[in-house]
Amino acid sequence: MRIGIVCPYSFDVPGGVQNHVMDLAEALLGLGHEVSVLAPADEDAPLPPYVVSAGRAVPLPYNGSVARIAFGPVSTARVRRWITRGDFDVLHVHEPLTPSLSMLAVLCARGPVVATFHTAMTRSRVLSAAQGVLRIVLERITARIAVSALARKVQVEHMDGGAVEIPNGVAVAKFAGVAPLPDWPGECGPGAGGTLGFLGRFTEPRKGFPILRDAFVALAPRRPGLRLLVAGPGDADELYGRFPADLRDRVTFLGLVSEADKARMLRSVHLYVAPNTGGESFGMILTEALAAGTTVVASDLDAFRRVLDGGRAGRLFPTGDAVALGAALTELLDDDGQRAGLTAAGDQVVANFDWPVVARRVLEVYAAAIEATDGRVMDQEWAGLG
């Protein structure tokens with residue numbers, strides 16, 4: 001099958017959608033399909049051989065953040081040329097309601113279009129100003145995929161259509177086979193310390209870092225070897241300033257890490273802690289921690305409960321409760337057998353998120369979209385795109 005995949009966000013800046021697109025493309029290539037990915041990127045940016053640059057992206061305030069996207073006549077011409085040359089059996093666009101390449105690709109498409117919706121966004125000023133265009137975009141999509149139950153709910157309740165729920169995948173082999181960082185994770189056992197891990201923006205309230213900090217500060221005096229490994233954006237001094245002076249040497253801040261170093265970081269801790277307080281539609285970091293063979297302790301959010309199979313594959317604690325988190329950490333750090341049991345269950349659960357498995361489910365949607373269009377070519381009357 002000849003598959004064209006469109007990413008709306010620049011490959012010059014790492015991001016969840018970009019990683020998803022690359023992992024999906026590589027999984028499909030591994031299954032024997034022909035894949036070309038179109039994405040914004042600087043002309044001299046190092047790109048995988050299957051990625052075609054649509055030119056430099058520009059920053060645009062969008063949905064409460066800043067997205068690096070590509071739009072306009074030049075981008076439209078490049079999208080149309082790429083589609084024509086690709087002669088794809090199916091076109092797979094990601095986040096088609098973002099004003100970028102995916103939207104343009106839908107408007108230029110002449111065959112079956114599959115769209116993946118990653119976020120649970122229901123409104124923004126940009127979308128409100130473009131309702132007419134969005135209606136045309138939605139009508140041209142043959143089949144929809146949502147990466148979470150919440151994203152699917154938005155499709156049903158706000159976008160006048162359903163979607164097949166297919167979760168984000170994880171490249172299990174990339175996490176399972178890496179070595180931990182030097183001198184980590186150290187000893188663990190009854191009263192023997194242990195290592196906790198956190199990855200994310202520690203200053204962002206919904207990530208819940210203060211809950212983990214409070215639990216760590218309460219446990220540290222009773223566990224002299226307890227250590228905390230933190231990765232993500234932010235200022236080191238600001239992080240260390242959140243801890244009592246006598247505990248700061250037991251906290252290590254890695255800052256931003258590459259995908260490879262993220263895998264090593266996850267392999268370097270006894271317990272990965274996700275103390276998030278809300279706003280999570282899936283929980284990608286949980287699947288990555290499971291793939292790394294690390295025991296997960298997570299707040300009892302619906303998205304996390306789904307990933308952890310209701311608590312069978314990881315310990316859940318009441319959201320926002322630092323005391324309950326501390327109790328869960330103590331119990332697991334003191335019990336090698338309980339950690340091993342959760343890890344074994346995690347191995348079973350994460351196998352369902354492995355990219356080859358997820359890619360085969362995506363291929364089923366492609367096949368349904370191709371069958372639904374039955375070779376028909378869409379008209380190209382909108383805005384002279386024919």
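Remember, predicted model here, so these are calculated numbers, not experimental data.

**Considering the pattern of salt bridges**
- Overall, the coordinates contain 16 salt bridges when judged by the stated rule.
- Across the salt bridge formed by Asp 300 and Arg 305, the nearest N and O atoms sit 2.8 Å from each other.
- Look at Asp 300 and you get partly exposed, because its relative accessible area is 32%.
- One continuous salt-bridge network, built from bridges that share partners, spans Glu 204, Arg 206, Lys 207 and Glu 280.

**Concerning the nonpolar core**
- Grouped together as the largest cluster of nonpolar side chains are 33 residues, with contacts concentrated most on Leu 266, Leu 286, Ala 298 and Leu 308.
- Of all the secondary-structure elements, those providing two or more residues to this core are helix H7 (172-176), strand S11 (227-231), helix H10 (259-266), strand S13 (271-274), helix H11 (284-291), strand S14 (295-299), helix H12 (302-307) and helix H14 (336-351).
- Considering each element in turn, this core owes the most residues, five residues, to H11.
- Discounting chain neighbours no more than four positions away, the residues touching Leu 308 are Leu 286, Leu 290, Val 296, Ala 298, Ala 313, Gly 314 and Leu 316.
- Among the nonpolar cores identified, the runner-up in size contains 32 residues, and Val 21, Ala 39, Ile 145 and Leu 363 belong to it.

**Examining the packing of helix H1 (residues 16-30) against helix H15 (residues 355-373)**
- Where H1 meets H15, the closest approach of the two axes is 9 Å, and the angle between their N-to-C directions is 85°. By the criterion of interaxial angle, the relationship of H1 to H15 is roughly perpendicular. Counting all contacts with H1, which are made through His 20, Asp 23, Leu 24, Ala 27 and Leu 28, the residues of H15 involved are Trp 355, Pro 356, Ala 359, Val 362, Leu 363 and Tyr 366.
- Classifying every residue of the contact of H1 with H15 by side-chain character gives nine nonpolar, one polar and one charged.

**Comments concerning the confidence of the model for the chain**
- Here the chain averages 87 in pLDDT, and 87% of its residues register 70 or above.
- Here residues 379-386 is a poorly scored stretch, pLDDT under 50, and it has 18 contacts once near neighbours within four places are set aside; other chains count.

**Some remarks on H15**
- Here H15 is 19 residues long and its end C-alpha atoms lie 27 Å apart, about the 27 Å a rise of 1.5 Å per residue gives.
- Taken together, the buried positions of H15 are Trp 355, Val 358, Ala 359, Val 362, Leu 363, Val 365, Tyr 366, Ala 369 and Thr 373. In an axial view of H15, the angular spread of the buried residues amounts to 165°, which keeps them on one side of the axis. Across from the buried face of H15, at angles greater than 90 degrees, the exposed residues are Glu 364 and Glu 371.
- Tucked into the core, H15 has its buried residues touching strand S1 (2-6), H1, strand S6 (90-94), strand S7 (113-117), strand S8 (143-146) and strand S9 (164-165).
- Just downstream of H15 lies Asp 374, where phi reads positive at about 50°.

Rules of the game
- Residues numbered from 1 in each chain as written.
- Predicted model: local features only at pLDDT ≥ 70, side-chain atom pairs only at ≥ 80, totals over all residues.
- Heavy atoms only, no water.
- Salt bridge = Lys/Arg side-chain N within 4 Å of Asp/Glu carboxyl O.
- Buried < 20%, exposed > 50% of the residue type's maximum accessible area, 1.4 Å probe, protein only.
- Core = buried A, V, L, I, M, F, W, Y, C linked by side-chain atoms within 4.5 Å.
- Helix = DSSP H or I, 4+ residues; strand = E, 2+ residues; numbered from the N terminus.
- Contact = heavy atoms within 4.5 Å.
- Axes fitted to C-alpha atoms, helices over the stretch in contact; angles between N-to-C directions.
- Parallel < 35°, antiparallel > 145°, perpendicular 65-115°, else oblique.
- Nonpolar A, V, L, I, M, F, W, Y, C, P; charged D, E, K, R; others polar.
- pLDDT = per-residue confidence, 0-100.
- Expected span 1.5 Å × (residues − 1).
- Arc of directions from axis to C-beta.

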